[in-house]
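Structural overview for review
Below are the chains, spelled out letter by letter.
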Amino acid sequence: MQPTTKSNDPFLKKKFIITSIIVLILTPLCLLLGVTLWQDRRYNILSLIMVILACIPFFLSFEHKKPKPREILIIAVMSAIAVAGRAAFVWAPAFKPVTAIVAITGFSFGPAAGFLTGAATAITSNIFCGQGPWTPFQMFAWGILGYIAGVLGKTDWMKYKIWLIIFGLLSGILYSFIMDIWTVISYDGRFTWSRYFAAAGTAIPYTATYAISNIIFLLLLAKPIGEKLKRIKIKYGLLEE
Amino acid sequence: MAFIDIQQLTFSYPQMEQPVLHHIDLSIEEGEFVVLCGVSGCGKSTLVKHLKREITPHGDATGSVLYNGTLLNELSDKIAASEIGFVMQSPENQIVTDKVWHELAFGLENLGFNTMTIRRRVAEMANFFGIQTWFRKNTMELSGGQKQILNLAAIMAMQPKLLILDEPTSQLDPIAASEFIATLHKLNKELGLTILLVEHRLEEVYPIADRVVIMDKGAIICNGTPKEVAKALQHVDQHHPMLGGLPTPLRIHHALKSQTNAPLTIRDGRQWLTNNFKAQEWQSKKIYDRSFEKKTVLSVKNAWFRYEKDGLDVLRGFSIDVNQGEVISILGGNGTGKTTALGVMSGILKAYRGKIMIDGKPLRKISNHELYHQCLAVLPQNPQTLFVTKSVISELQSTVETQNLTKEEENLQIQTIVRKLNLESLLERHPYDLSGGEQQKVALAKVLLLKPRILLLDEPTKGMDAASKTVLATLLEQLKEEGVAIVMVTHDIEFSASHSDRCALFFDGLIVSSDETRTFYSGNHFYTTAAHRMSRHLFSNAITCEDVIEQCNQQQNRMIHS
Amino acid sequence: MKAFANYHPIVIFLYFVFVIGLTMFYMHPIYLIISLAMSILLSLQINQKSFLHSLKWMVPLFVIAALINPLISHDGEKIILYIDDNPITIEAIVYGFAMSVMICTVIFWFGCYNKLMTSDKFLYLFGKISPAFALIISLTLRLVPRFQQQIGAITQAQRAVGMDVTSGNLLHRIKCGIHILSILITWALENAIETADSMKARGYGLPKRSTFSLFSFEKRDALTLTIMFILMTINVIGSFLGYTDYYFYPTFSELVLQPISLLLYTTYTLLLALPIIIELWEAFKWRSLISNN
């Protein structure tokens, strides 16, 4: 995967500003509101609101960018493949190619595409399986993994297997951690570190499966899919548009 | 000033030396129905894409295209998008949204119309095209024909003044294709819409066109009314691949070098035959050889199949015997379960009742490895389901590698198949950069590398033009000589009539009639070839163009000699 | 059936935001019971079959969730026994059950949400915030079943050339699975370009795009929305004034029935029961319409 966009992209700057505003001002505001008015309980509602808030800047900047049909299609296709892949491995709990596919899209098409692919995958796959309060968390978790992958894709690191393995491992852990936050606070709206570690502890088999499946799928898919995406980029001039 | 004016258009793709289009001059008047045809690769698709700015291919172009007196490039974005509509080949790929109603509204949303306007236009379209009953459905639930009608309707909702269609019926079954063409005819007659249709299946569109334009090697070789073009074609060589696509009456007329007015429809063709020839009994020299009994290699007896436990039966007592060295066609309407039958024959789907024997051995006792190596092979309907790699040559290599051969043997096998199928020029190309016919050939090469003795083909002629069909036919003939048993499931009546030994009609889960090809088609009244329908009042057993031509030639010769 | 489903998406969506938000917020036993009862009633009304089906795994989940709390939380005054020197308290047990009720109720409400808030309604609302992203979802929704079909076709075609997912050892099967996925991706990407062309050819990307939907906002939607907001406001004010607070630790707070809390219970029930009331009302109107003829 080669660096795809220049870093002095004006959209990136604008996105950064919007993101900063929302994350830096709105989030603490919400926290403050929650702590003072709700007497430090009800983290479940608060966390849902915050996760949704955190996703909004990405959508806004995507709207602002006036995406081309081909970019839209690439994101939709990759999300649909991730969803179909998730469904195809329905017999193997937690062993899913979703994170790998989202990450590979991020490697090739940058952080924004990575985030949107992750978010679209979460929403769509839950439309098929049933929405729940976990949807925003999944949206955020896969989105942010796609985003990180997009940032890493600008370096040369992802050409090496060792980095893919490290990324697969860490992304499995990160995904699990984000979803554990939800598990803990969904229980009684409270968040304590001891409970969080207890939850993370019981989730170790899952975390391990996430990590292993990520590594396997990344190692097996990164190169072939990367090549396919590159070919599409060249053949249809996605770069010049 | 014409509505559309193409002047001296020359175009070449980047990194290609030969231009695809040479100095094209073409003008189209408002309200005309123009059919553009030619063999695949002649540049017809490239030409029409130059009339739709949004999808014009990248490359070097000189010359100009005028729309209503304005250069195409100077039109406003809105007019360019709405007034020129473009329907593509694949019904699936053009659909954008998940709901039918949303698909109809999609273009209008892009143009920024308000809800009231969109509502009215969408309602109009749904009524005109008969979409009301599936208006709220998911687009995935529609049949191929419905999808293509939806694509057409979605474009018509934008009220285009020019409608361009690039082989819109090539992926449809014959009945859906006729319906689609009839809809186009209606649009042209009732709304005065200007239509430019690219087609290689001319049987139905030729008679209803106002003008026919024929392209060859990037240039226009004929341009005029259907009758004028028929006349002009007299100067074209008998064996030009273009001719295979013409309507049957015209082909016969052309082959006999008749100087009379050319018949365009079956009705005119019958009349013309009656006026010029008389009835006669005739025995074809080519007749199915029953004298020596061939070995039965695959036999299905009374197979029953359904997809779900509580589902409907798709096969209900399906039986067939396939002999070594023969070609059998299984014909029948869409969605009757022909492909399922093929699946059961190949062991991919398991019948819950019935017996399937290969070489006298029950299918379930044969391991998959034994079955699919040097025994039985399936060419799927969509060749793209077989492509794994980045080039044709590595496609072939990856297939050979599964057979545990030495390097030399592998190379030898690849070389043989490459020569047999004329793939030399394609070896380094990416499979997806090939045309539909070429993809089909590569897929067939892959399948043949497994050295099957039984070959099952699912719609092998789908989307192929006449020239590619000829190549396929020669290949089937060769395989037959080698003793391969071939079964094909097809909609293509004309192809099966010319190239199969036996035909079977599949209906309601089983084969209802099966016979030697000539007997089969001359016995059917509706479900038969155009040549037979045109000539049966004179020659009761002629079923292909060649048959009719042969008989007429005989009569002409006799008349000359007597 | 499902009169509420025909309301404007924004009404349905806000209803669930309010209901699920309040359900997650209130720990007051009476509120919990009201919400549980209403969610069960609505589920039975609109979603009977899958609701009863889901009980199979909901009941064990309920029990497990209820039992976890006394094992990890040892607060509370009413101790009944010790396990490994850790006190098990009645407060913790009751709290565990309360939590369990809340979690199950939320899941029931989401079950109703999934039934009433179909993908086209969700997309319509989402399209108001981010039309391009809503389009991506719409495209994805169309592509997923198509890809699943294609996976089937590829699997069959590959089996006949020796790549069989259903047999062989695990490594072989994973290899075949990847193989199929790889073929699918090439196919999907190559075909997607034509879809992109079709979007462009129909003017996607022109300025001032509008959004069309089959939904229209009627008087009854406005009325229902107003009622919902009034009921919601009453409840939120009640919470700020502390009428809905309830504590399990250090020991249970007292349940007092004041006129004002009765009013709050009633408004809460009314809010939650809106779809049921609408349904009954429509059924009544329908019957009288028929009997009048």
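Worth saying up front: this structure is predicted, and the values here are computed from it rather than measured.

Assigned secondary structure in chain C consists of 9 helices and 2 strands. Taken over C-alpha atoms, the radius of gyration comes to 26 Å for chain C, far larger than the 19 Å a tight globule of 293 residues would show. Over its C-alpha atoms, taken along the principal directions, chain C stretches across nearly 70 × 65 × 45 Å. Residue pairs at least 24 apart in sequence account for 75% of intrachain contacts in chain C once pairs closer than 6 positions are excluded.

Facing the 47 residues of chain C at the interface are 54 residues of chain B. The contact between chain C and chain B buries some 4700 Å² in all, and 59% of this surface belongs to carbon and sulfur atoms. Among the residues of chain C in contact with chain B, C:R142, C:R202 and C:F212 are the three that bury the most area, contributing 20% of the side total. Along the contact surface separating chain C from chain B lie 4 salt bridges.

With that settled, the discussion passes to the packing of helix 4 (residues 100–110) of chain B against helix 6 (residues 144–156) of chain B. Residues and elements named next belong to chain B. It is the contact of helix 4 with helix 6, at a shortest axis distance of 7 Å, that shows an interaxial angle of 35°. For the pair helix 4 and helix 6, the sense of crossing is right-handed. Contacts from V100, E103 and L104 of helix 4 reach helix 6 at L150, A153 and A154. Tallied by class, residues from the contact of helix 4 with helix 6 come to 5 nonpolar, no polar and 1 charged.

Here we take up the interface of chain A and chain C. Listed as interface residues are 56 residues of chain A and, on the opposing side, 60 residues of chain C. Both sides of the chain A and chain C interface together cover about 5100 Å² of buried area, and 77% of this is carbon and sulfur. Applying the counting rule to chain A against chain C returns 2 salt bridges. A salt bridge links A:R70 to C:D197; the shortest N-O distance between them is 2.9 Å. The interface formed by chain A and chain C holds 8 residue pairs in polar contact (both at pLDDT 80 or more) in total. Mapped by element, the contributors of at least two residues to the side of chain A that touches chain C are helix 2 (43–64), helix 3 (69–88), helix 4 (98–129), helix 6 (161–188) and helix 8 (204–235) of chain A. At 15 residues, helix 3 of chain A tops the list of elements feeding residues into the side of chain A that touches chain C.

Attention now goes to the domain arrangement of chain C. In terms of domain boundaries, chain C breaks down into domain 1 (2–122 + 231–292) and domain 2 (129–198). On a C-alpha basis, the centres of domain 1 of chain C and domain 2 of chain C stand 41 Å from each other.

Below, the discussion takes up the state of the cysteines. In the structure shown here, the tally under the stated rule is 0 disulfides over all chains. The closest cysteine sulfur to the non-disulfide-bonded C:C104 is located on C:C112, 13 Å from its own sulfur. Residue C:C104 is classed as buried on the basis of its relative accessible area, which comes to 4%. Left unpaired, C:C176 is separated from the closest cysteine sulfur, that of B:C375, by 20 Å. On the basis of relative accessible area, C:C176 is assigned to the buried category, the value being 1%.

What follows concerns the sheet that holds strand 7 (residues 162–166) of chain B. Residue and element names in this part refer to chain B. With respect to topology, 6 strands assemble into an open sheet ordered 6-7-8-3-9-10, the strand pairing being mixed. Across the chains shown, the open sheet's two edge strands, defined by having one partner strand only, are strand 6 (84–87) and strand 10 (219–224). Neighbour-to-neighbour, the strand axes of the sheet open up by a mean angle of 15°, direction not taken into account. Across the sheet, helix 6 touches strand 6 and strand 7, and the angle it forms with strand 6 is around 170°.

All names here are of chain B. The backbone of H23 sits at a positive phi, close to 40°, despite the residue not being glycine. Note that H23 resides in strand 2 (residues 21–28). Accessibility expressed as a relative area gives 53% for H23, which makes it exposed. At N302, a position not held by glycine, the phi torsion is positive, near 55°.

So, about helix 5 (residues 115–128) of chain B. Residue and element names in this part refer to chain B. If you check helix 5, its first and last C-alpha atoms are 20 Å apart, about what 14 residues at 1.5 Å a residue would give, namely 20 Å. Along helix 5, the positions that sit buried rather than exposed are T117, I118, R121, V122, M125 and A126. Looking straight down helix 5, one finds its buried side chains confined to an arc of 160°; they lie on one side. Residues M116 and R120 are exposed on helix 5 and point more than 90 degrees away from its buried face. Where helix 5 is buried, its residues contact helix 4 and helix 6. The first or second residue beyond helix 5 is G130, which carries a positive phi of 65°.

Now for the nonpolar core. Membership of the largest hydrophobic core comes to 190 residues, with the highest contact counts inside it found for B:L455, C:F133 and C:F147. When residues of this core are assigned to domains, at least three fall in each of domain 1 (2–122 + 231–292) and domain 2 (129–198) of chain C. B:F33, B:F135, B:F180 and B:L243 belong to the second-largest nonpolar core, a separate cluster that totals 60 residues.

All names here are of chain B. Helix 7 (residues 174–191) packs onto helix 6 with a crossing angle of 20° between their chain directions and a minimal axis gap of 9 Å. Taken together, the axes of helix 6 and helix 7 lie roughly parallel to each other. Considering how the two elements wind past one another, helix 6 and helix 7 form a crossing that is right-handed. Residues G145, Q148, I149, L152 and M156 of helix 6 pack against A176, F180, T183, L184 and L187 of helix 7. For the contact of helix 6 with helix 7, the class distribution of residues is 7 nonpolar, 3 polar and no charged.

Further remarks concern the pattern of salt bridges. Side chains that differ in charge, positive against negative, can pair when their charged atoms come close. All names here are of chain B. For the structure on display, the rule yields 31 salt bridges over all chains. Between D313 and R306 there is a salt bridge whose closest N-O contact spans 3.4 Å. Accessibility expressed as a relative area gives 18% for D313, which makes it buried. The partner of E326 in a salt bridge is R502, with the nearest N and O atoms 2.7 Å apart. With a gap of 176 residues between them, E326 in the loop between strand 12 (315–323) and strand 13 (327–331) and R502 in strand 19 (residues 502–507) connect regions that are remote in the sequence. For the pair formed by E326 and R502, the shared burial category is buried.

This part takes up a positive patch on the surface. Residue and element names in this part refer to chain B. A contiguous patch of positive charge on the surface is contributed by K301, K355, R364 and K365. Structurally, the position occupied by K365 is in the loop between strand 15 (361–362) and helix 13 (368–372). The exposure class assigned to K365 is exposed, which follows from its relative accessible area of 58%.

A few words now on a nonpolar patch on the surface. Residues and elements named next belong to chain C. Where nonpolar side chains cluster on the molecular surface, the patch consists of I64, I68, L71, I72, I80, L81 and I83 and spans about 640 Å² of accessible area. Of all the elements in the fold, those that place two or more residues in the nonpolar patch are helix 3 (48–72) and strand 1 (79–83). It is helix 3 that contributes the most residues to the nonpolar patch, 4 residues altogether. Structurally, L71 is set in helix 3.

This paragraph deals with the pairing of strand 20 (residues 510–516) of chain B. All names here are of chain B. Note that strand 19 and strand 20 share 6 bridges and pair antiparallel. Bridge pairing links F507 to L510 in strand 20. Here strand 19 folds back onto strand 20 in antiparallel fashion, the turn holding 2 residues, of which D508 has a positive phi close to 55°.

Bringing helix 8 (residues 219–240) of chain C into the picture now. All names here are of chain C. For helix 8, which comprises 22 residues, the first-to-last C-alpha distance of 32 Å matches the rise-based estimate of 32 Å (1.5 Å per residue) to within 8%. Those residues of helix 8 not exposed but buried are D221, T224, L225, M228, L231, M232, N235, G238 and S239. With its buried residues spanning 155° around the axis, helix 8 presents them on a single face. Among the exposed residues of helix 8, those oriented more than 90 degrees off its buried face are K219, L223 and F240. In the core, the buried residues of helix 8 are packed alongside helix 1 (9–25), helix 2 (29–46) and helix 9 (259–292). Positive backbone phi, approximately 85°, marks G242, located one or two places after helix 8.

This brings us to the environment of B:E477. Relative to the assigned elements, B:E477 resides in helix 17 (residues 466–481). Between the alpha carbons of B:E477 and B:Q8 there is a distance of 44 Å; along the sequence they are 469 residues apart.

Calculation criteria
- Residues numbered from 1 in each chain as written.
- Chains lettered and ligands numbered in written order.
- Predicted model: local features only at pLDDT ≥ 70, side-chain atom pairs only at ≥ 80, totals over all residues.
- Heavy atoms only, no water.
- Helix = DSSP H or I, 4+ residues; strand = E, 2+ residues; numbered from the N terminus.
- Rg over C-alpha atoms; globule rule 2.2 N^0.38 Å.
- Contact = heavy atoms within 4.5 Å.
- Buried area = accessible area lost by both parts, 1.4 Å probe.
- Salt bridge = Lys/Arg side-chain N within 4 Å of Asp/Glu carboxyl O.
- Axes fitted to C-alpha atoms, helices over the stretch in contact; angles between N-to-C directions.
- Left-handed = near helix turned anticlockwise from the far one by under 90°.
- Nonpolar A, V, L, I, M, F, W, Y, C, P; charged D, E, K, R; others polar.
- Polar contact = N/O pair within 3.5 Å; in protein donor to acceptor, adjacent residues only side chain to side chain.
- Domains from an automatic or database assignment.
- Disulfide = S-S within 2.5 Å.
- Buried < 20%, exposed > 50% of the residue type's maximum accessible area, 1.4 Å probe, protein only.
- Pairing = 2+ DSSP bridges.
- Expected span 1.5 Å × (residues − 1).
- Arc of directions from axis to C-beta.
- Core = buried A, V, L, I, M, F, W, Y, C linked by side-chain atoms within 4.5 Å.
- Parallel < 35°, antiparallel > 145°, perpendicular 65-115°, else oblique.
- Patch = residues over 30% accessible without salt bridge, like charges linked within 9 Å, V, L, I, M, F, W, Y side chains within 5 Å.
- Areas by Shrake-Rupley, 256 points an atom, 1.4 Å probe, with all protein chains shown as cover.
- Lys, Arg positive; Asp, Glu negative; His and termini not counted.
- Charge placed at Lys NZ, Arg CZ, Asp CG, Glu CD.

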